[in-house]
Amino acid sequence: MKCAKDFAQWLYDRVGHYDDGVFLSRQDILELTDRQRFNSNYVNDIHYEVARFGMGFVTDANKQRFYFFKLPDTHWKLVGDRYGEVDKPKAEVHPIKIKHRKN
């Protein structure tokens, strides 16, 4: 299983039911995909494939851990803002209108 599409399907079939998500190590991915190495494009391709199932696949900054998780359905505005409403400007701002003079 070398291609991102096959690996994405395998991930979804094997652990897609787990609500908390899972992480994999770089070594896990190398062993499972039978690859010698991979780059961030491969990770992006996996993410693209699993996104079709409502899942996400990302890595940490060091590219040593890879996270497979369910994408949320809740928009951030529905759960609120802990700082309250954003302050609205006190005065309305209007664009400047230039009057053209007739010669």
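Residues numbered from 1 in each chain as written. Predicted model: local features only at pLDDT ≥ 70, side-chain atom pairs only at ≥ 80, totals over all residues. Heavy atoms only, no water.

Undergrad: Even after reading the chapter, I still don't get the overall build of the protein, so can you show me in this structure?
TA: A count of helices and strands for the protein gives four helices and three strands. Out of the 103 residues in the protein, the part that is buried amounts to 20%. Counted over contacts in the protein with a minimum sequence separation of 6, partners at least 24 positions apart contribute 55%. When the accessible area of the protein is evaluated, it comes to approximately 9000 Å², of which 50% is carbon and sulfur surface. (Helix = DSSP H or I, 4+ residues; strand = E, 2+ residues; numbered from the N terminus. Buried < 20%, exposed > 50% of the residue type's maximum accessible area, 1.4 Å probe, protein only. Contact = heavy atoms within 4.5 Å. Areas by Shrake-Rupley, 256 points an atom, 1.4 Å probe, with all protein chains shown as cover.)

Undergrad: Just to check I follow, could you spell out the side chain of Thr33 for this structure?
TA: The residue Thr33 is located in helix α2 (residues 26-33) in this model. We classify Thr33 as buried; its relative accessible area is 0%. Looking at Thr33, its side chain comes within polar contact range of the main-chain oxygen of Ile29, at 2.6 Å. If we ignore the near neighbours within four places in the chain, the residues touching Thr33 are Met1, Lys2, Phe7 and Tyr42. (Polar contact = N/O pair within 3.5 Å; in protein donor to acceptor, adjacent residues only side chain to side chain.)

Undergrad: Sorry if this is basic, but what is going on with the pattern of salt bridges here?
TA: Charged atoms that come close allow side chains of opposite charge to pair. Per the counting criterion, the structure on display carries two salt bridges. Residue Asp19 is joined to Lys70 by a salt bridge in which the shortest nitrogen-to-oxygen separation is 2.9 Å. A residue pair is termed long-range when its members are at least 10 positions apart, and Asp19 in the loop between α1 (4-15) and β1 (22-25) and Lys70 in strand β3 (residues 65-70) qualify at 51 residues. Among the residues examined, Lys70 registers a relative accessible area of 36% and is labelled partly exposed. For Glu49, the salt bridge goes to Arg52, with nearest N and O atoms at 3.0 Å. Taking relative accessible area as the criterion, Glu49 reaches 13% and is therefore assigned buried. (Salt bridge = Lys/Arg side-chain N within 4 Å of Asp/Glu carboxyl O.)

Undergrad: Would you take a moment to explain the sheet that holds β1 for this structure?
TA: What holds strands together in a sheet is hydrogen bonding between their backbones, with the strands either parallel or antiparallel. Spatial strand order, β1-β3-β2: three strands in an open sheet with antiparallel pairing. Single-partner strands in this sheet number two, and they are β1 and β2 (55-59). The sheet shows a mean angle of 20 degrees between the axes of neighbouring strands, taken without regard to direction. One ladder, built from five bridges, connects β2 with β3; its direction is antiparallel. Bridge pairing in β3 links Phe57 to Phe68. Taken strand by strand, helix α3 (residues 40-51) contacts β2 and β3, and its axis lies near 165 degrees from that of β2. (Pairing = 2+ DSSP bridges. Axes fitted to C-alpha atoms, helices over the stretch in contact; angles between N-to-C directions.)

Undergrad: Would you mind going over the environment of Trp10 with me for this structure?
TA: Mapped onto the elements of the fold, Trp10 is located in helix α1. For the pair Trp10 and Leu32, spaced 22 residues apart in sequence, the C-alpha to C-alpha distance is 9.6 Å. Ignoring sequence-local partners within four residues, the contact set of Trp10 consists of Met1 and Leu32.

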